[in-house]
Amino acid sequence: MPDGDVNKLDAINIGFLGPINKSNPDSLYGIPMLHGAQMALDEANARGGFHGKPFVLKLHNDLPLWGASSMEIVRMRYDENDWAMFGSVDGASTHIELRATLKIEEPIVDTGTTDRTVTETRIPWLLHNFPDDRHQGYALADYIYNKLKLKRVAIIRATNRYSRMGDALFFDTARRMGHQPLLEVKYEPTDKDFSDQLGILRDAGIDGLVIWGNAYQAGLILKQMRAMGMKQPVFGSSRIAYPEVMKTAGAAAEGLVAVSAIDPSRTDPLWLDFRARYEKRYGEEPDAYAAYAYDGMNILISAIRDAGLNRGRIMDALRKNHMTDYHGVSGNQIFDYTLNNIAPITFAKVEGGKFKYWVEKRSDLTGKSSASGR
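Residues numbered from 1 in each chain as written. Predicted model: local features only at pLDDT ≥ 70, side-chain atom pairs only at ≥ 80, totals over all residues. Heavy atoms only, no water.

**Some words on the packing of aromatic side chains**
Tallied over the full model, the rule gives 17 aromatic pairs. With centroids separated by 6.0 Å and ring planes inclined at 45°, the aromatic side chains of Trp-271 and Phe-274 adopt a geometry described as tilted. With Trp-271 and Phe-274 both in helix 10 (residues 269–282) and three residues apart, the pair spans about one turn of that helix. Residues Tyr-278 and Tyr-282 carry aromatic rings whose centres are separated by 4.7 Å and whose planes lie at 50° to one another, so their mutual orientation is tilted. Residue Tyr-278 and its partner Tyr-282 are located together in helix 10, separated by four residues, close to a single helical turn. With relative accessibility at 22%, the residue Tyr-282 sits in the partly exposed group. Among the aromatic side chains, those forming a connected cluster through ring pairs are Tyr-29, Phe-130, Tyr-242, Tyr-289 and Tyr-292. Sitting above the plane of the Tyr-162 ring, Arg-239 keeps its charged end 3.9 Å from the centroid. A cation over a ring is seen here: Arg-311 above Trp-83, with NZ or CZ 4.2 Å from the ring centre. (Phe/Tyr/Trp six-rings, centres within 6.5 Å; stacked < 30°, edge-to-face > 60°. Helix = DSSP H or I, 4+ residues; strand = E, 2+ residues; numbered from the N terminus. Buried < 20%, exposed > 50% of the residue type's maximum accessible area, 1.4 Å probe, protein only. Lys NZ or Arg CZ within 6 Å of the ring centre and 35° of its normal.)

Now the structure itself:
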C-alpha cells in the first residue's frame, strides 16, 4: 500500500457518513455527531493540521433506505482520496461500509451506531467507541432481574432496526439469566397513540416495562401508561435518556431508569471545557453523539499523525494506540481486541424532574450480591 505524498495534496481528506439531512429522523443523532467531529478537526487544524495541510471533512448523507449508502465509501476512497472514513449512526450502512473496506482497505472510525454486530464481524478495519446494544442490554437486564428482582417484565419497542437489534439482545440476555420476558409489543416510530399496546401489557399483569426506542415516543408511552393507572417501573435504552422524555411525559417520567451513553453531570475538566466550547459554538449542550464523535475524531487524527499517509499503517496505529484505556470528553473508553469500547455503562434515573446519573456495579453470575456504584 503506497504512501501518499503530502506535498502533492491541498488537504488531508476524511470522509463522513451520517444522517445529516433533517428529513431523516436519525438526524437528531447525526447532526451532533457531525458537530463533534468537525469541532475536533477544526481544533487540529488550528494546531497546524498535518505538516501544514488542513484536515477536511468530506460530507456524505446517510439515507434511511437499505443499500442507499452502499457506494459512499467507494466514492470516498477513489473520488475524494479520503484517508479514513468516519461514521455512521445506522448499523446497516456501517455493515455495508465494512464489507466494502475488505476490498478497498479504508480505516473506519465509528462513533454513532449501537449495533453490536459491526464489531462481531471482526473485520479489522474499524474502531468503535459508542456503547453498543450488547453492553446496554447486559447492564439493563442485570439491573432489572438481579438487582430489582423483577420477574414479569415486558418489552415495548419501535419497529425500526435500532429498536429491533437492541430489543433482541436484551431479550436473549434475559433468557440466558433464566428470565423469559413475558411478552413483547411493537409500535411504528411515528405512532402517538399506544392505548392498544398498553392495554395488552396492563392485562398481562406485568411488574416492569422496558422501552427500546426514542425519547419522544417513550415520553408519550409513559404519559399514557400513567393515565391508565399503570404504576409499574419503566426502563429504557440510551436514546431515551434525553431531556425530551421529561418534556413530553412531564410528571409521568418520574422514576424512569434508562441506560445512558454519557454522564453529562461529570465534573471532569475535559468534559466541562468541551461542553463550554461546544455550547458557545453551536448554542446547545453536547449530547453523547457529539462527545463520542469529538473523541473519535481526535483518536483518528492522532493515528494519522503517528502513521503518516498510509491507510494500512493508520489502522495499525488505531489498533496499537487504543488497545488500552482512552480518556476523552465522553469519559473513560476501554477497548477490547476488536477495538470496541466496553467501558462500564452509565445509568440515568428521573428524580425531581431531572436525570441523576450513576454507574451500576454488575451482579455476580448468580445475581446474589452487588453493591451499587451510586
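On we go from here.
**Regarding the sheet that holds strand 10 (residues 257–260)**
In sheet architecture, strand pairing relies on hydrogen bonds along the backbone and comes in two forms, parallel and antiparallel. Strands sit in the order 7-6-8-9-10-13-14 across an open sheet of seven strands; the sheet is mixed. Where the open sheet ends on each side, the last strands, each with one partner, are strand 7 (184–187) and strand 14 (354–359). Between one strand and the next, the sheet's axes are offset by a mean angle of 25°, whatever the strand orientation. Of the strand pairs in this sheet, strand 13 (residues 346–351) and strand 14 are connected by six bridges, and their pairing is antiparallel. Each bridged residue has a counterpart across the sheet, and for Phe-347 the counterpart in strand 14 is Trp-358. Contacting strand 6 (153–158), strand 8 (208–212), strand 9 (234–236), strand 10, strand 13 and strand 14, helix 5 (residues 133–147) crosses the sheet at an angle of about 170° to strand 8. (Pairing = 2+ DSSP bridges. Axes fitted to C-alpha atoms, helices over the stretch in contact; angles between N-to-C directions. Contact = heavy atoms within 4.5 Å.)

**Let's talk about the packing of helix 1 (residues 27–46) against helix 10**
Their axes nearest at 11 Å, the elements helix 1 and helix 10 cross at an angle of 105°. Put simply, helix 1 runs roughly perpendicular to helix 10. Between helix 1 and helix 10, the contacting residues are Pro-32, His-35, Gly-36, Gln-38, Met-39, Asp-42 and Glu-43 on the first element and Phe-274, Arg-277, Tyr-278, Arg-281 and Tyr-282 on the second. Of the residues in the contact of helix 1 with helix 10, the class split is five nonpolar, three polar and four charged. (Parallel < 35°, antiparallel > 145°, perpendicular 65-115°, else oblique. Nonpolar A, V, L, I, M, F, W, Y, C, P; charged D, E, K, R; others polar.)

**Notes on the sheet that holds strand 1 (residues 12–18)**
Spatial strand order, 2-1-3-4-5: five strands in an open sheet with parallel pairing. In this open sheet, the two strands that pair with only one neighbour each are strand 2 (55–61) and strand 5 (126–128). The pairing of strand 4 (residues 108–110) with strand 5 spans three bridges and is classified as parallel. Considered in strand 5, the bridge of Val-109 is made with Leu-127.

**Observations concerning the pairing of strand 10**
Along a regular strand, successive side chains alternate from one face of the sheet to the other. Of the two faces of strand 10, the one lined by Val-257 and Val-259 and the one lined by Ala-258 and Ser-260 are each fully buried. Summarising the sheet, strand 9 and strand 10 pair through two bridges and their orientation is parallel. Across the sheet, Gly-236 pairs through a bridge with Ala-258, a residue of strand 10. On the question of chirality, the crossover connecting strand 9 to the parallel strand 10 by way of helix 9 (residues 243–249) is right-handed. Of the pairings in the sheet, the one linking strand 10 to strand 13 comprises four bridges and is antiparallel in character. (Right-handed = clockwise from strand over helix to strand, strands pointing away.)

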